[in-house]
There are 2 protein chains.
Amino acid sequence: MKRHIYLRMKPVDEARELFLSRFDLNALSGSEEIATVAARGRVTAAPVWAKRSAPAIHQAAMDGFAVLAANTFGAAPHSPRRLKLGQEAIPINTGHVMPPGTDAVVIVENVPDPEADPIIIEAPVFPWQNVRRVGEDLVAGEMVLPEGVEITPWAQGALLAAGVTRVAVRRVPKVIIIPTGAELVPAAELDKDFPVDRLPEFNSVILAGMAAAAGGLPETWDIVPDDVEALTRALQEAAARAEVVIINAGSSAGTADYTYQAVANLGEVLVHGVTMMPGKPTLLGAVNGKPVMGNPGYPVSAVLSFEQFAAPLIAGLAGKRLEPRPNLTVYPAQNLPSKPGLTEFIRVTLGRVGDKVIATPLPRGAGVITSLVKADGILVVPASSEGLEENRPVTAELLVPPEAIDGTLVALGSHDNTLDLLATLLHRRDRSLRLSSGHVGSQGGLMALAQGRAHFGGSHLFDPETNTYNVPYIKRYLPDLPLKLINLAWREQGLMVAPGNPKNIRTVKDLTRPGVRFINRQRGAGTRLLLDYLLRQNGLDPAMVQGYQREEYTHMAVAVNVHSGTADAGLGILAAAKALGLDFVPLTPERYDLVVPDSTFNDPRFQKLLEVIRSPEYQEAAVALGGYDMKDCGKIVWEQ
Amino acid sequence: MKRHIYLRMKPVDEARELFLSRFDLNALSGSEEIATVAARGRVTAAPVWAKRSAPAIHQAAMDGFAVLAANTFGAAPHSPRRLKLGQEAIPINTGHVMPPGTDAVVIVENVPDPEADPIIIEAPVFPWQNVRRVGEDLVAGEMVLPEGVEITPWAQGALLAAGVTRVAVRRVPKVIIIPTGAELVPAAELDKDFPVDRLPEFNSVILAGMAAAAGGLPETWDIVPDDVEALTRALQEAAARAEVVIINAGSSAGTADYTYQAVANLGEVLVHGVTMMPGKPTLLGAVNGKPVMGNPGYPVSAVLSFEQFAAPLIAGLAGKRLEPRPNLTVYPAQNLPSKPGLTEFIRVTLGRVGDKVIATPLPRGAGVITSLVKADGILVVPASSEGLEENRPVTAELLVPPEAIDGTLVALGSHDNTLDLLATLLHRRDRSLRLSSGHVGSQGGLMALAQGRAHFGGSHLFDPETNTYNVPYIKRYLPDLPLKLINLAWREQGLMVAPGNPKNIRTVKDLTRPGVRFINRQRGAGTRLLLDYLLRQNGLDPAMVQGYQREEYTHMAVAVNVHSGTADAGLGILAAAKALGLDFVPLTPERYDLVVPDSTFNDPRFQKLLEVIRSPEYQEAAVALGGYDMKDCGKIVWEQ
C-alpha cells in the first residue's frame, strides 16, 4: 500500500498566488466576436468605438410642431405668431426626424388650438429647443465601452445605438469536471435504486454550478474509475479541450490518490495539500499549460477549496470580477477551538438577538453538505489562531443578504418536527421572515436564553417531584428573566422499533433484555430525562440498558438508527417513527412548550410566528404528522 | 389629433403598490417539477423532504483500517494490540462502507507498519471514531429545503444526497416584449444599412436583459406598427401566452399613444403616468388577469421605469428576492435643481477625492443611454425636493461595487481623445483602477480642482500676453494649491472641414466669409479661447463668424456637426477630424497638460497612471491617432 502524504502543505493565500500567477489568463481564454444582442454578461475584450452617431439625425424630443425658431421670436399672447400648417409648422412626434428648414419644436400643450391652420404661437422657442441633436447621446468614433467591462443590458443598447452589432468579448472558459471513484453512482442515475454500498455522485453538479456562477462553461465527464491510466488518458484529453480541468474526489491521501500521479505524469504539481479545513487534500497543477485542480472528495471540502482556487481562476479567465461576500460583525454562540496551522472555515447560522448578531455553529464535518445549505455565513479562523471565543466579536462572510438576518428568529432548544412546519408556514406568510432552529436539547435551550443567544427555545423538561413541565427548570436556570411559556403541542413519546416489532419490545423494562440494543438521546435532552424518569419509576438501572451511552441529537437521528438496524429501540416521538415507517409503542404524552422571553414576545416578528402557531392551518398540518394533541396549542400556560 | 394627457399621474411608490398588489403572484406563476441537476437558481415551490439518509450506511471517514473499537481498548506503545489483517483489521479508504462487525477506523498514519500482518495498534480508538454514521448529514424524512428559497449548487448536492432527483420549483415567468413604432429598424437588422430617418430599435434588447436578470424568460415579438387594432391583437395574444406583457415605446402622450387604447380595450388601465423623471409616460394595467406595462420610449426612461415596476413584479413571480443596490454617501459636484412633484433619477459618476466621494452628474436627458452606461450610481431626488445642493451629502444607489469607486481617478477638465486611450491602458495594467474623465473645459477643470471635486484635469489654456500655457491661469485660479503641471502631449489644433474642403476654408479669416457656417466650443474651453485669440490676432470680430454662438462640449461633437453638414467648419484637434474622415487645416500646435495637485501626485493610483503616460505603449498609440507630438509627454513642466 503506497500512500502519498502531504509533506509540504501550503497556506491558502500562498497556494492561490502560486496557482493564479502561473497562467496568463488573458492569453489562455482569448476572445471571440459575437452578436451584440447576445452579449449580455460578457466582458469586452477591447475598447468599443461608436460606428454611428446617436441620434444620427436631428430628432424631435417632444410631440408638437417643428418650426424655425427665428419665426417665433417675439411671440407673446398679445402679439402671437401665425404659422402655416405643413409649411411653417409641421406636426411632429417624439423621435421623428426634424424636417429640413426647422430647428425647434413648439410642444403641443403650448398651442391653444392644435387643429387650427394657421396655428397660433404665443411664446418663442429658441434654436434647438425640444430637439435631440445629432450625437447628443453618442458621437461616431467615441469610445462606447472600455476594455474589460461586463456588458449590461443598457450597454447592449448603447452599442446598438452606436451601430455596433458585433462585439469582441472574452471567451467563456470551458471547465471540464472529471469525477473519479469506482464506488460512485452517476448523478443522472440517482433516480434508480442502487445498492447501499455505492455512493451518490453529486459533487460534479455542485462544482458545475459554481463554475458557471464564476463565469465558466462547465462540462461534466463520465466518472473515471480508480485507475491511474484511465485518469491520465482522461486528463490529457480534457487538458487539450478545456481551459480548466477539475478532477474531483481523487485527491485524498488514500489508495485512490491517482490524481497526483496523473498530473505528475502529464505536467507539474504546483501544490499538494493546503493548510485549510475543510479542503486540505487540494491539488493544484498544470498540464499542457492549462490549470488543473484536484478537488477533495468531501462535498464541503470540494466547495470551499473550489471557492479559494478555481472560482478566482475561472473569473479571471472570463475577465470578471468576483465580488467579495458582504461582511458582518457577529458573536459566536460558543467557544470554537480550532487547530493552529490550519485556516478553518466554520459554517454558522446567524440571527440578531438584542443588539448582537449571534453565530451558531453548524456541524463542522467536511461531509455534512447540509451545513452549507443551512449556513447564513462562514467564520474564517486564521491559521495563526487557536480558535474563536464565545461572545467575542468576529467577522462573518455572509451567504445571505443582511436583511435576511434581521428577519431571522433564532430558536435553540429541543427538537420537534413541527418546528420545520412552523418555519415553512412563517416564511410563506411573510417572505422577509425565517425561523432558524438549532437542536441543543431542552436544557441547552434554557442556557442559550440565559446567555442571550436565542430568541426562544422549545422545551419538554418533566419534573417528577412536582409532576409539571419546564417551570421548575426555568426557576432554576432563568430565575430573573421575564418570560412566557407558550404551549406548542402535547405529543406522544414512545419506543420506536422496527416494523412488526420483531424483538417484541412493549415496555421500558424490555430495554434491559439481553440482545436489545438501545439508542439514547444526548445529555440535557428532555427525552433522555424522560427515559431516566421511566427507568427510575420501574426500578431499573441505566447500566442494564445496552446502548445507553450511544447518543443522538434528534428524534429523527434516533429513528434512523432503528431504521438501519444499528439499534432495536429508541425513545422518541410518534412523528419521527411515522416518517420512517417504524412501529411505535406509546409510553406517555408530554407537554412541549416554547420558552419565550418578554423581549421576544413583544417583537413583531415573534407575534407573526404566534399568529402562525394559533392558525388552523398549522394545527391541522401538525395533527396530520401524527402523535400531536393541539388542545393547548398557542396558549400562554405560565409566565414570570 | 386626439391626445391623451396624464391628468392623474401617480407617485412612484403608490403606482408600484397599485400594480403589484393587484395580482396573486404565487398563483399567476405556478410551479413545475424539474430535474434537480437542472435546478440551480430556481426557487422551491414547496418544502423538500429527504427520501434517503446520507450517508445511507456507515462509512469510513478516514483512510486506514476498520476495526471493532473494543479490540483496541488498552492498546499502548508498551502493550500494543495485534490485529489479523483482513479479519480483525480491514484496510479501508475514506468513503467506503464499514465492513460488518467493525465500528471504528484506525487511521493509517497511526499504524507503524501498514504492510505488516498482523498490524500493530499502539493507541485505542473509541466506537464510531473516524466513521461517518448513517444520517450524519441528512436523515430520511428531514426537511432539506424550505419553500421559497433559491437553489444553490450545494443545495442541489444536498437534494441529490437525499435522493431527491426531481424538485418542485416556481415556474420562470414568461415576459413578452412588444416593441411598437413604424419608424423603427429591428435590432436584428441593425447590421444592414438603413435610411437616416429610421431609428434603431434596441430597447427590446435592454428590457429582455433586464427581464432575464429579474428572473423572467423574455420573448421579444416583432415590431408592431402604429395601429390600435394591430397592437390590440398582439396584446390579446401575448396576454394569453405570457405572465407579463411589456409594450415598449407606445406610451408617450403623442399620436403614437395606442398602448392606452389597446389596454383599455382589452382590460383595465391601473396607472397612466407616474411622477418620475425619466419615466413619466409609464402605463400599468391588467389584461386577462395578466400584468401589462406600457414602457416609455426613451431608453433611460424605459430602464428606470422597468426597474421600478416590471423588475419587482417579475422577481415576485419567480419567487426571487431583488437585492436592493448598495448605498453610499456622496457629495454632488454641483447644484442639481429638480422639479418639485417629480421623483428624479440622476445618473452620476463617482470618485473618492480626499475623504469624500464626489458625484458628478451625467447628461440628464431621457434619450442619453450612455448616461446609464457611464454611471457609477444614481441619485434619487424625492418628489418633495427642489433638488440637491452642491457638496451637501446625499445617498447614492451604486451601480458598481464600492471598491470600483475607490479605484477611480476623477479627471475634470478639457477633453482630449488620448484620455480614452489612457483609461483603457490603465485598466488593462491594473483591473482595480479606472479613469473617469468629465469634459467641462480647461477652466471648468481648474474650478473643480479649486473645489476638491477632481483628482486632476486636462488643460490647454494659452495666454497671449506671456506666450505660455496654463501657468497664468493656475496662478489666478489656484494660487495656493501645491501642484505639478505634467505635459500629456503637444497637439495640432486646426479647422475641421468636410472631405475635399468644398468651401475652400484655409484660414481663420475664411470663417467670416458669407455662407460659411461655423460651430464653436463652449465658454471656458481652451479651444474657444484659442479661436478668440486667433480672431483678435487677425483683427476679426467674433460677430462676423456665423455660428459663433453655437456651442458644443467636445472635439468629437464639433466634428459630428461638420460631418453631418450642419456646419462647414469647427476648430479642434486632428485626432477628432481623422476619426470621422474629415479634412483638417492645421493652424497651430498647442500644449496640453495635466494639472495635478500634489495630493494626487503622491497617490499610488496616479503614480500608476503616470507609468502608463510615460510608457512607449501609450505614446505610440497616441501618435497613431494623428496630430500628437509626444516630445514632452510625461515631463513635469512646471510646479508650484
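As the structure is a prediction and not an experimental result, all values here were calculated from the model. (Residues numbered from 1 in each chain as written. Chains lettered and ligands numbered in written order. Predicted model: local features only at pLDDT ≥ 70, side-chain atom pairs only at ≥ 80, totals over all residues.)

A. Examining the interface of chain B and chain A more closely. Across the contact, 87 residues belong to chain B and 86 residues belong to chain A. Elements with a minimum of two residues in the side of chain B that touches chain A: α3 (153-161), β14 (199-200), α4 (203-213), α7 (299-318), α8 (370-373), α10 (418-429) and α14 (555-563) of chain B. In terms of residue count, α3(B) provides more of the side of chain B that touches chain A than any other element does, 8 residues in total. Here the side of chain B that touches chain A is built from residues that sort into 46 nonpolar, 25 polar and 16 charged. (Contact = placed C-beta atoms within 7 Å. Helix = DSSP H or I, 4+ residues; strand = E, 2+ residues; numbered from the N terminus. Nonpolar A, V, L, I, M, F, W, Y, C, P; charged D, E, K, R; others polar.)

B. Region of the structure containing the relation of the copies chain B and chain A. Overlaying chain B on chain A yields an RMSD of 0.2 Å, the required transformation being a rotation through 180° with an accompanying axial translation of 0.0 Å. Expressed as a symmetry operation, the mapping of one chain copy onto the other fits a two-fold axis. Closest to the rotation axis within chain B is the C-alpha of P326(B), separated from it by 5.3 Å. A share of 99% of the interface residues of chain B reappears at the interface of chain A, consistent with the copies meeting face to face through the same patch. (Least-squares fit on C-alpha atoms with pLDDT ≥ 70 in both.)

C. Focus on the sheet that holds strand β4 (residues 64-67) of chain B. Residues and elements named next belong to chain B. Read across the open sheet, the 3 strands follow the order β6-β4-β7; overall the sheet is antiparallel. Unpaired on one side and paired on the other, β6 (90-92) and β7 (104-107) mark the two borders of the sheet. On average, each strand axis in the sheet is inclined to that of its neighbour by 40°, with strand direction left out of account. (Pairing = 2+ DSSP bridges. Axes fitted to C-alpha atoms, helices over the stretch in contact; angles between N-to-C directions.)

D. Up close: helix α10 (residues 418-429) of chain A. The terminal C-alpha atoms of α10(A) lie 16 Å apart, and with 12 residues this matches the ideal 16 Å at 1.5 Å per residue to within 8%. All buried positions along α10(A) are accounted for by T418(A), L419(A), L421(A), L422(A), A423(A), T424(A), L425(A), L426(A) and H427(A). (Expected span 1.5 Å × (residues − 1). Buried ≥ 20, exposed ≤ 12 C-beta atoms within 10 Å, placed from the backbone.)

E. Layout of the packing of helix α4 (residues 203-213) of chain A against α3(B). Two elements in contact, α4(A) and α3(B), have axes separated by 8 Å at closest approach and are oriented at 165°. Comparing the axis directions of α4(A) and α3(B) gives the class roughly antiparallel. Helix-helix and strand crossings are classified by hand; for α4(A) and α3(B) the assignment is right-handed. Across the interface between the two elements, N203(A), V205(A), I206(A), G209(A) and M210(A) from α4(A) touch P153(B), W154(B), Q156(B), G157(B) and L160(B) from α3(B). In terms of residue class, the contact of α4(A) with α3(B) is made up of 6 nonpolar, 4 polar and no charged. (Parallel < 35°, antiparallel > 145°, perpendicular 65-115°, else oblique. Left-handed = near helix turned anticlockwise from the far one by under 90°.)

F. Local environment of the nonpolar core. One finds V245(A), L422(A), M496(A), V245(B), L422(B) and M496(B) to be the most contacted residues of the largest nonpolar core, which totals 360 residues. Aside from chain neighbours lying at most four places away, what touches L422(A) is L435(A), L609(A), V612(A), I613(A) and Y618(A). (Core = buried A, V, L, I, M, F, W, Y, C linked by C-beta atoms within 7 Å.)

G. Examining the sheet that holds strand β4 (residues 64-67) of chain A more closely. Residues and elements named next belong to chain A. If you trace the 3 strands from one edge of the open sheet to the other, you get β6-β4-β7, paired in antiparallel fashion. Two strands close off the open sheet at either side, each with one partner strand: β6 (90-92) and β7 (104-107). Ignoring strand direction, the axes of neighbouring strands in this sheet form an average angle of 40°. Relative to β7, β4 runs antiparallel, the two being bridged by 4 bridges. The partner of A66 across the bridge, within β7, is V105.

H. Quick look at the domain arrangement of chain A. All names here are of chain A. Under the domain assignment, chain A is made up of domain 1 (12-26 + 173-318), domain 2 (31-54 + 137-170), domain 3 (59-132), domain 4 (332-397) and domain 5 (443-639). Of note, the centres of domain 1 and domain 4, computed from C-alpha atoms alone, are 26 Å apart. With 11 residues of domain 1 at the contact, the number on the domain 4 side is 12 residues. Listing elements by their share of the side of domain 1 that touches domain 4, those giving two or more residues are β18 (276-277) and α7 (299-318). At 5 residues, α7 tops the list of elements feeding residues into the side of domain 1 that touches domain 4. Broken down by class, the residue content of the side of domain 1 that touches domain 4 amounts to 9 nonpolar, 2 polar and no charged. (Domains from an automatic or database assignment.)

I. Helix α13 (residues 526-537) of chain A, seen in detail. In this model α13(A) runs 16 Å from its N-terminal to its C-terminal C-alpha over 12 residues, within 8% of the 16 Å that 1.5 Å per residue would give. Phi turns positive one or two residues past the end of α13(A), at G539(A), with a value near 65°.

J. Region of the structure containing the packing of α4(B) against α7(B). Residue and element names in this part refer to chain B. Remark: α4 packs on α7, axes separated minimally by 10 Å, with the N-to-C direction vectors making an angle of 30°. On the basis of their axis angle, the class for α4 and α7 is roughly parallel. As α4 runs across α7, the sense of the crossing is right-handed. Residues N203, I206, L207, M210 and A211 of α4 pack against P299, A302, V303, F306, A311 and I314 of α7.

K. Quick look at the environment of P296(A). Position of P296(A) among the secondary structure elements: in the loop between β20 (290-295) and α7. Sequence spacing of P296(A) and L362(A) is 66 residues, and the spatial spacing of their C-alpha atoms is 20 Å.

L. How the structure looks around the confidence of the model for chain A. Overall, the predicted model of chain A reaches an average pLDDT of 91, with 98% of residues at or above 70. The complex model carries a pTM of 0.87, and its ipTM stands at 0.87. (pLDDT = per-residue confidence, 0-100.)

M. View of unusual backbone geometry. Along the chain, A54(A) connects to P55(A) via a cis peptide bond; the corresponding omega equals -10°. As for its placement among the helices and strands, P55(A) is situated in the loop between β2 (48-49) and β3 (59-60). P118(B) follows D117(B) through a cis peptide bond whose omega is 0°. Here P118(B) shows up in the loop between β7 and β8 (119-121). Phi is positive for N470(A), which is not a glycine, with a value near 70°. Structurally, the position occupied by N470(A) is in the loop between β32 (468-469) and α12 (471-477). N470(A) gets classed as buried once you count the C-beta atoms within 10 Å, which come to 24.

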